[in-house]
Amino acid sequence: MKKIAIISTLVLGLAATSCDSYLDINNNPNSPAEENMTTDIMFPAAEMNIAGTYGDFYRITGGYFAQYYAHAFGTSNYLDYSQFRMSATRSSSAYTQLSQRGLKNLKTICDLAEQDEEWGTFLAAKTLRALTYGMLVDAYGEIPYTEALDISNPTPKYDAGQDIYAGVLAELDEALSKVNANDPVATNFLLPDQNAGAWIQLANAVKLKMLTRESGVVDVKPQLDALVSQNNFPTSDIAWAGCWSDESGALSPFYAEEFATSWGSTQINCIANVAIINTLLQKDGNGDVVYQDGRLPAMFETNGSGEYTGGISGSNFSTSDNYKSNYWCRPVASFDMPVYLITVSEIEFFLAEYYAKAGNSAQAQAHYEAAIAANFDTYGVSGAAAAIAQFPYDNANYKKSIGVAKWIALAGINTFEGWCEARRLDYPAFGNVTGSQMYDENLDSSYKPQLYVPGTFYTPIKVFDKLGNNKLLERWIYPESSSSRNSNSPEFPGYDQPVFWGK
């Protein structure tokens, strides 16, 4: 493997360089000339553009759209997300970060690696490319793919999501056919000091996720059968971890956005939603606790009174003392919190679904319970057996069992994936109570979180009028940065129209 060189202020060596140092490689005046670029130099820059967006914008929006987060009083920053609203301008910078930086760098890495027959690096770059295109399809439905990343073509066509999935999966298969497990991989933060064997496992996990997502609308059973039979998946969580530090510009992305005061901001936006709080902390009619999930303290802090309270989607609450910032619970976050790509728990949930569809209820239940146990391990807490008993597997309604349990599992891990899986599995389902019934913005005493039914969604207060009641936001409108000057941009199908795998 090539070693990182000390090149001006761009690279100081992995031991002394934070992840975010690579975010501006495209604009850094001290960067090496294009002809001197190597995969070792470019790979960290590409992955940090992806990690920065996935761990911040995607986490925040997913948190609101999956009702993990509600909006605290004080600002209107994310009130639109809390009402299930996404505008064309909101996601534009994130789209640009992923496509014009992350994907462009990955394309160059793939070209360099193929030219030099660096097949380990080639697979690693193709794996992150598949993941990134998957993120974009899962959010928008259709995006440029076959004509993307060509600076000479300002109007690339938008490809159908199903075609993009097929394309990147084919790219992964091609890369897997070229690689050996002991091939070296360029310097990176995701799987540092690992050879291609670890990346083969990650590529298989990416294939498992994408094939499962599309399995409801595309016949991919032979591919899934072969993949599951091979059984070569990661045995530990895959995340950008150990590369963040407690200094400005090097903080983990969500923490930097919502908790750090580096830029002088002390405002509070994301608070816990009543949906996730009252699912993990269930009380009887007398207000006595009948179940408290062991993962709750690892997901959310208690409020100023040492209690767990959840806000209501669609409102930023009033100015009264009752609902000032110290009343609400905040997500647990730290400067070095990982940005998870995929966890052992998610892999086990996908395997549970595979066996449920195959009619093997015993294996489905075993993987379902293993998924919950692995999730407790990720959070570093005990109590998996109690959670399995509280949320038992029901093979007759496996989508509900897996949907609710996975929604819970992802609350503090990867909220965007929680939103995706809820849209695909249709669970949690919407209950009978609405946000307006739990809280009247004009009457503080109307706050009635006890009306919420555990393991359900509810219609936000002042829900986005183009969506309506009892509906999740199914997709983001095409980003302005991609569509505004592109004559090949298709007509937006509607906020309530599922992406291809959700139909």
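1. Observations concerning the overall build of the chain
(1) Moving on: Across its full length, the chain carries 18 helices and eight strands.
(2) Moving on: In terms of overall dimensions, the chain is globule-like: its C-alpha atoms have a radius of gyration of 22 Å, near the 23 Å expected for 503 residues.
(3) Moving on: In terms of overall dimensions, the chain has a C-alpha envelope of 70 × 55 × 45 Å along the principal axes.
(4) Moving on: Split into buried and exposed, the 503 residues of the chain put 59% on the buried side.
(5) Moving on: If you take every contact in the chain between residues at least 6 apart in sequence, the share linking residues at least 24 apart comes to 73%.
(6) Moving on: Here the chain displays about 19,600 Å² of accessible surface, and carbon together with sulfur accounts for 46% of that area.

2. Side note on unusual backbone geometry
(1) Moving on: In this model, Tyr427 is joined to Pro428 through a cis peptide bond whose omega is 0°.
(2) Moving on: Mapped onto the fold, Pro428 is located in the loop between helix H16 (415–425) and helix H17 (435–438).
(3) Moving on: Even without a glycine there, the phi angle at Glu117 is positive, about 55°.
(4) Moving on: Inspection of the secondary structure assignment puts Glu117 in the loop between helix H4 (92–115) and helix H5 (119–140).
(5) Moving on: Residue classification places Glu117 among the exposed positions, given a relative accessible area of 56%.
(6) Moving on: Despite not being glycine, Asp426 shows a phi value in the positive range, around 65°.
(7) Moving on: Note on placement: Asp426 falls in the loop between H16 and H17.

3. Description of the packing of aromatic side chains
(1) Moving on: For the structure shown, the criterion picks out 41 aromatic pairs.
(2) Moving on: Ring plane angle 85° and centroid distance 5.3 Å describe the contact between Trp119 and Phe122, whose orientation is recorded as edge-to-face. With Trp119 and Phe122 both in helix H5 and three residues apart, this pair spans about one turn of that helix.
(3) Moving on: The class for Trp119 is buried, based on a relative accessible area of 19%.
(4) Moving on: With centroids separated by 6.4 Å and ring planes inclined at 80°, the aromatic side chains of Tyr452 and Tyr458 adopt a geometry described as edge-to-face.

4. Some details on the environment of Thr279
(1) Moving on: Tracing the sequence through the fold places Thr279 in helix H10 (residues 274–280).
(2) Moving on: The exposure class assigned to Thr279 is buried, which follows from its relative accessible area of 0%.
(3) Moving on: As for Thr279 and Gly455, which are separated by 176 residues in sequence, their C-alpha atoms are 5.6 Å apart.
(4) Moving on: Excluding anything up to four places from it in sequence, Thr279 contacts Val274, Tyr291, Phe391, Trp407, Ile408, Tyr452, Pro454 and Gly455.
(5) Moving on: A polar contact of 3.1 Å, which involves the side chain of Thr279, links it to the side chain of Tyr452.

5. Let's talk about the nonpolar core
(1) Moving on: Judged by nonpolar contacts, the single largest core of 164 residues is most densely connected at Tyr58, Leu128, Trp199, Trp240 and Trp476.
(2) Moving on: If you tally residues by element for this core, the top one is H5, at 14 residues.
(3) Moving on: Excluding residues that lie within four positions of it along the chain, Trp240 makes contacts with Glu47, Met48, Ile50, Ala51, Leu128, Phe189, Leu190, Met337, Pro338, Val339 and Leu341.

6. Details of the environment of Thr38
(1) Moving on: For Thr38, the location among the structural elements is in the segment before helix H1 (39–54).
(2) Moving on: Between the alpha carbons of Thr38 and Ala186 there is a distance of 9.0 Å; along the sequence they are 148 residues apart.

7. Side note on the pattern of salt bridges
(1) Moving on: Enumeration over the complete set of coordinates arrives at 20 salt bridges.
(2) Moving on: Asp159 serves as the salt-bridge partner of Lys157, at 3.8 Å between the closest nitrogen and oxygen.
(3) Moving on: Since its relative accessible area comes to 37%, Lys157 is described here as partly exposed.
(4) Moving on: Its relative accessible area of 7% is what places Asp159 among the buried residues.
(5) Moving on: When the shortest N-O distance is used, the salt bridge between Lys471 and Asp496 registers 3.4 Å. Here Lys471, found in the loop between H17 and helix H18 (480–483), pairs with Asp496, found in the segment after H18; they are 25 residues apart in sequence, far enough to count as distant.

8. Remarks on helix H7 (residues 196–214)
(1) Moving on: The end-to-end C-alpha distance of H7, which contains 19 residues, comes to 27 Å, matching closely the 27 Å that a straight helix rising 1.5 Å per residue would cover.
(2) Moving on: Where burial is concerned, most of H7 is hidden: 18 out of the 19 residues are buried.
(3) Moving on: With a side-chain oxygen lying 3.1 Å from the backbone nitrogen of Gly197, the N-terminal cap of H7 falls on Asn195.

9. A short note on the side chain of Ser252
(1) Moving on: By the element assignment, Ser252 lies in the loop between strand S4 (238–240) and helix H9 (253–258).
(2) Moving on: Judged by its relative accessible area of 1%, Ser252 is buried.
(3) Moving on: Of note is the side chain of Ser252, whose polar atom sits 2.6 Å from the backbone oxygen of Met337.
(4) Moving on: The residues touching Ser252, leaving out its near neighbours within four places in the chain, are Trp244, Ser334, Phe335, Asp336, Met337 and Val339.

10. A closer look at the side chain of Thr378
(1) Moving on: Along the chain, the position of Thr378 falls in helix H13 (residues 361–379).
(2) Moving on: According to the relative accessible area criterion, Thr378 is buried, its value standing at 18%.
(3) Moving on: Leave out the neighbours within four places in its chain, and Thr378 touches Asp237, Tyr340 and Ile413.

So, how was this worked out
- Residue positions are given per chain, counting from 1 as you read along its sequence in written order.
- Local features are withheld for residues below a pLDDT of 70 in this predicted model, meaning they are given only at 70 or higher, and side-chain atom pairs are given and counted only at 80 or more; totals for whole chains, interfaces and linings count all residues.
- The basis for every side-chain value is the complete set of heavy atoms in the structure, and neither hydrogens nor water enter the calculation.
- Segments assigned H or I by DSSP are reported as helices when at least four residues long, segments assigned E as strands when at least two residues long, and all are numbered from the N terminus.
- The size measure is the radius of gyration over C-alpha atoms, and the globule rule it meets is 2.2 Å times the number of residues to the 0.38 power.
- Categorising residues by exposure relies on relative accessible area from a 1.4 Å probe, with only protein chains included: less than 20% of the type maximum marks a residue as buried, more than 50% marks it as exposed, and the intermediate range marks it as partly exposed.
- Whether two residues touch is decided by their heavy atoms; if any such pair falls within 4.5 Å, the residues are in contact.
- To be clear on the numbers: accessible area is Shrake-Rupley with a 1.4 Å probe, and residue cover counts the displayed protein chains and nothing else.
- Aromatic rings from Phe, Tyr and Trp, with only the six-membered ring used for Trp, were paired whenever their centres fell within 6.5 Å, and each pair was classed as stacked if the ring planes differed by under 30 degrees, edge-to-face if by over 60, and tilted otherwise.
- By the criterion applied in these results, polar contacts are pairs of N or O atoms within 3.5 Å in which, for protein atoms, one can donate a hydrogen and the other can accept it, and in which residues neighboring in sequence qualify only through two side-chain atoms.
- Buried residues of nine kinds, namely Ala, Val, Leu, Ile, Met, Phe, Trp, Tyr and Cys, make up a nonpolar core once their side-chain atoms join them within 4.5 Å.
- Whenever a carboxyl oxygen of Asp or Glu lies within 4 Å of a side-chain nitrogen of Lys or Arg, that contact is scored as a salt bridge.
- What a helix is expected to span follows from its residue count: subtract one and scale by 1.5 Å.

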